[in-house]
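Listed here are the chains, written in short residue letters.
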Amino acid sequence: MTASRQPTVRVLLVEDEESFIDALSVGLAREGFDVTTARDGAEGSASFANGQFDIVLLDLMLPKMSGLDLCREIRQTSDVPIIIVSAKGEEVDMVLLLEIGADDYVTKPYRLRELVARMRAVLRRREHAGDLDEEESTIQRGPVRLEVDARRCFVGTEEIKLRKKEFALLRLLMENPGRVLTREVLIDRVWGHDYVGDTKTLDVHIKRLRGLIEDEPKKPQYITTVRGVGYRFEVSRAD
Ligand code: CA
């Protein structure tokens, strides 16, 4: 697969480890990305302010300014997609990352293909973000289809009966394909921020949804668990 016919995506890579910079610059350029490198947080901040970027890859442990602080700073002025690239063994609070506005995260070591897939998923989501405002009446991901107005769900040609909260939960996940939604966000959006019930309720609903839409509910392909963080509707399987 070549990316040569797609418009050039401008990437800001903020990373201080030379081995990663070299591998990523070469690998991403080969995939058709236009990569600008910054080697510490302050340089990243300056580069971002002076350039036009479609996506930011942000290491967490950086000299001069942490990736966390840079992420916060960028979010004050921009909704550019940000993917956090964290080192193996680094204690990372994934929930915090998502709360301060990171779109996704990848843990080193990763395969280039995985990173590129995540980048494309985030970019695609941004491209379609405007569409979602217009209340899509049908959402199709792989074999799963939601008819929002009629509140009906189909897997292939078979209609699946969903309860109100199950439908709301599945809709939220399918509207954000490839994106980790934290438990807090899911509970907040589906049950309301004043929900005081057992948080196990969420898991019970996920389990039931998996039972209805997954081929093998115990090895889910569509609704996957991101341990300690939340759930994600997978794009690679469902596009
Ligand atoms: Ca680092």
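Residues numbered from 1 in each chain as written. Predicted model: local features only at pLDDT ≥ 70, side-chain atom pairs only at ≥ 80, totals over all residues. Heavy atoms only, no water.

Focus: the sheet that holds strand β7 (residues 144-147)
Piece 1. Strand order across the open sheet formed by 4 strands is β6-β7-β8-β9, with antiparallel pairing between neighbours. Only two strands of the sheet have a single neighbouring strand rather than two, namely β6 (138-141) and β9 (158-160). Ignoring strand direction, the axes of neighbouring strands in this sheet form an average angle of 25°.
Piece 2. In this fold helix α6 (residues 164-175) packs onto β6, β7 and β8 (152-155), with an angle of close to 115° to the strand it touches most, β7. (Pairing = 2+ DSSP bridges. Helix = DSSP H or I, 4+ residues; strand = E, 2+ residues; numbered from the N terminus. Axes fitted to C-alpha atoms, helices over the stretch in contact; angles between N-to-C directions. Contact = heavy atoms within 4.5 Å.)

What about the packing of helix α7 (residues 183-191) against helix α8 (residues 200-213)?
Piece 1. Relative orientation of the contacting elements α7 and α8 amounts to 85°, with a least axis distance of 10 Å. Judged on the interaxial angle alone, α8 and α7 are roughly perpendicular. Judged by residue contacts, Arg183, Leu186, Ile187 and Trp191 of α7 engage Thr201, Leu202, Asp203 and His205 from α8.
Piece 2. Class assignment for the residues of the contact of α7 with α8 results in 4 nonpolar, 2 polar and 2 charged. (Parallel < 35°, antiparallel > 145°, perpendicular 65-115°, else oblique. Nonpolar A, V, L, I, M, F, W, Y, C, P; charged D, E, K, R; others polar.)

A closer look at unusual backbone geometry
Piece 1. At Lys64, a residue that is not glycine, the phi angle is positive and equals roughly 75°.
Piece 2. Located in the positive-phi region is Arg151, a residue other than glycine, with phi close to 55°.
Piece 3. Note on placement: Arg151 falls in the loop between β7 and β8.
Piece 4. In this structure Arg151 comes out as partly exposed when scored by relative accessible area, which is 39%. (Buried < 20%, exposed > 50% of the residue type's maximum accessible area, 1.4 Å probe, protein only.)

Notes on the pairing of strand β1 (residues 9-14)
Piece 1. Of all the 6 residues making up β1, 5 are buried; the element is thus mostly covered by neighbouring parts of the structure.
Piece 2. Read as a crossover between parallel neighbours, the route from β1 over helix α1 (residues 18-30) to strand β2 (residues 33-38) is right-handed.
Piece 3. Note: β1 against strand β3 (residues 55-59), 4 bridges, orientation parallel. Pairing of Leu13 across the sheet is with Leu57, part of β3. (Right-handed = clockwise from strand over helix to strand, strands pointing away.)

A few points about the coordination of the calcium ion
Piece 1. In this structure, Asp16 (OD), Asp59 (OD) and Met61 (O) serve as the protein donors to the calcium ion, at separations of 2.0 to 2.3 Å.
Piece 2. With relative accessibility at 2%, the residue Asp59 sits in the buried group.
Piece 3. Classification of Met61 as exposed rests on a relative accessible area of 58%. (Donors = N, O, S within 2.8 Å, 3.2 Å for Na, K, Ca; no water.)

Concerning the sheet that holds strand β12 (residues 230-233)
Piece 1. Strand order in this open sheet of 3 strands is β10-β12-β11, and the pairing throughout is antiparallel. On the outer flanks of this sheet lie β10 (180-182) and β11 (223-226), each paired with one strand and no other. Going from strand to strand, the sheet's axes swing by 35° on average, the running direction of each strand aside.
Piece 2. Running over the sheet, α7 touches β10 and β12 and is turned about 70° from β10.

Here's the deal with the packing of α6 against α8
Piece 1. Viewed as axis vectors pointing N to C, α6 and α8 meet at an angle of 80°, and their least axial separation amounts to 10 Å. Between α6 and α8, the crossing angle belongs to the class labelled roughly perpendicular. Side by side, α6 and α8 meet where Lys165, Glu166, Leu169, Leu170 and Leu173 of the first sit next to Leu202, His205, Ile206, Arg208, Leu209 and Ile213 of the second.
Piece 2. Looking at the contact of α6 with α8, its residues break down into 7 nonpolar, 1 polar and 3 charged.

Considering the pattern of salt bridges
Piece 1. What the rule picks out here adds up to 17 salt bridges.
Piece 2. In this structure, Glu31 and Arg120 form a salt bridge, with 3.8 Å as the shortest nitrogen-oxygen distance. Of this pair, Glu31 sits in the loop between α1 and β2 while Arg120 sits in helix α5 (residues 112-133), and the two are 89 residues apart along the sequence.
Piece 3. Assessed through its relative accessible area of 29%, Glu31 is described here as partly exposed.
Piece 4. Note on Arg120: relative accessible area 22%, which makes it partly exposed.
Piece 5. Residue Arg208 pairs with Glu166 through a salt bridge whose shortest N-O separation is 2.4 Å. Note that Arg208 is positioned in helix α8 and Glu166 in helix α6, a separation of 42 residues in sequence. (Salt bridge = Lys/Arg side-chain N within 4 Å of Asp/Glu carboxyl O.)

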